[in-house]
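So you can see what is in the structure, the chains are spelled out below.
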Amino acid sequence: MSSSNSLLLFFSVLFTLIFSLVPVNSDIEVERPPQPLHPVAPVGKLSAPPQPAPTVKPPSPPTTPLPPPVMPKDCPKLCDVRCGSHWRPKVCIRACRTCCLRCKCVPPGTYGNREKCGRCYTNMTTHGGRPKCP
């Protein structure tokens, strides 16, 4: 064999080995068609639109029955009881009587329980924005 043939054979074997050992890097990005946003039914088959989940209402909080309406003649007596232990009884009685006449209710006890008379009693405020009814 001649030296040029042996060099040719050597380089061909060398290139074959190099290309067989080197992994092929395929960085070529193939453009894919866009995917549909929702599954598409095959042509000829119509599917019904998805049904929304049924809404469940939370249970309503238990409501306490409002006390019976107070007659205007009973307001002074009920407000005297309500304001009996207040540190400013005259101011308390005046506000209590106003609330009693407007809302027709006086909460039980000497303090608290305002929610038992409803929104009229709890939402009434002074000009300064403070709760009016004791």
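Details of the structure are given in the entry above.
Just so it is clear, the structure is predicted and the values come from calculations on it, not from any experiment.

So, about the overall build of the protein chain. Helices and strands together make up the secondary structure of the protein chain, namely four helices and zero strands. Counting from the amino terminus, helix and strand elements in the protein chain follow one another as α-α-α-α. Within the protein chain, buried positions represent 15% of all 134 residues. The long-range share in the protein chain, meaning contacts at least 24 apart out of those at least 6 apart in sequence, stands at 44%. Carbon and sulfur atoms provide 64% of the accessible area of the protein chain, an area that totals close to 12,100 Å².

Taken together, the side chains of L7, F10 and F11 define a hydrophobic patch exposed on the protein surface, amounting to about 310 Å² of accessible area. Secondary-structure assignment places F10 in helix α1 (residues 3–21).

Turning our eyes to something else, we now look at the packing of aromatic side chains. Taken as a whole and judged by the stated rule, the model has zero aromatic pairs. Its guanidinium or amino end placed over the ring of W87, R88 lies 5.6 Å from that ring's centre, counting from NZ or CZ.

Moving on, we come to the state of the cysteines. Each disulfide is one covalent bond, formed between the sulfur atoms of two cysteines. Overall, the coordinates contain six disulfides when judged by the stated rule. Through a disulfide, C83 is tied to C92; the S-S separation comes to 2.0 Å. Note on the C83 and C92 pair: the S-S dihedral is about -70°, so by sign convention the disulfide is left-handed. In this pair, the class of C83 matches that of C92, namely buried. Across a sulfur-sulfur distance of 1.9 Å, C105 and C117 are joined as a disulfide pair. Where C105 bonds to C117 through sulfur, the torsion about that S-S bond is close to -70°, and the disulfide is left-handed. Remark: C117 occurs in the loop between α3 (89–103) and α4 (119–123) and C105 occurs in the loop between α3 and α4; sequence separation between them is twelve residues. Just as C105 is buried, C117 falls in that class too. Numbered by position along the chain, the disulfide-linked cysteines of the protein chain connect as 1-7, 2-5, 3-4, 6-12, 8-11, 9-10.

Its place among the elements puts T125 in the segment after α4. According to the relative accessible area criterion, T125 is partly exposed, its value standing at 43%. With residues near it in sequence (within four places) discarded, T125 still touches R130, P131 and K132.

How each quantity is defined
- Residues numbered from 1 in each chain as written.
- Predicted model: local features only at pLDDT ≥ 70, side-chain atom pairs only at ≥ 80, totals over all residues.
- Heavy atoms only, no water.
- Helix = DSSP H or I, 4+ residues; strand = E, 2+ residues; numbered from the N terminus.
- Buried < 20%, exposed > 50% of the residue type's maximum accessible area, 1.4 Å probe, protein only.
- Contact = heavy atoms within 4.5 Å.
- Areas by Shrake-Rupley, 256 points an atom, 1.4 Å probe, with all protein chains shown as cover.
- Patch = residues over 30% accessible without salt bridge, like charges linked within 9 Å, V, L, I, M, F, W, Y side chains within 5 Å.
- Salt bridge = Lys/Arg side-chain N within 4 Å of Asp/Glu carboxyl O.
- Phe/Tyr/Trp six-rings, centres within 6.5 Å; stacked < 30°, edge-to-face > 60°.
- Lys NZ or Arg CZ within 6 Å of the ring centre and 35° of its normal.
- Disulfide = S-S within 2.5 Å.

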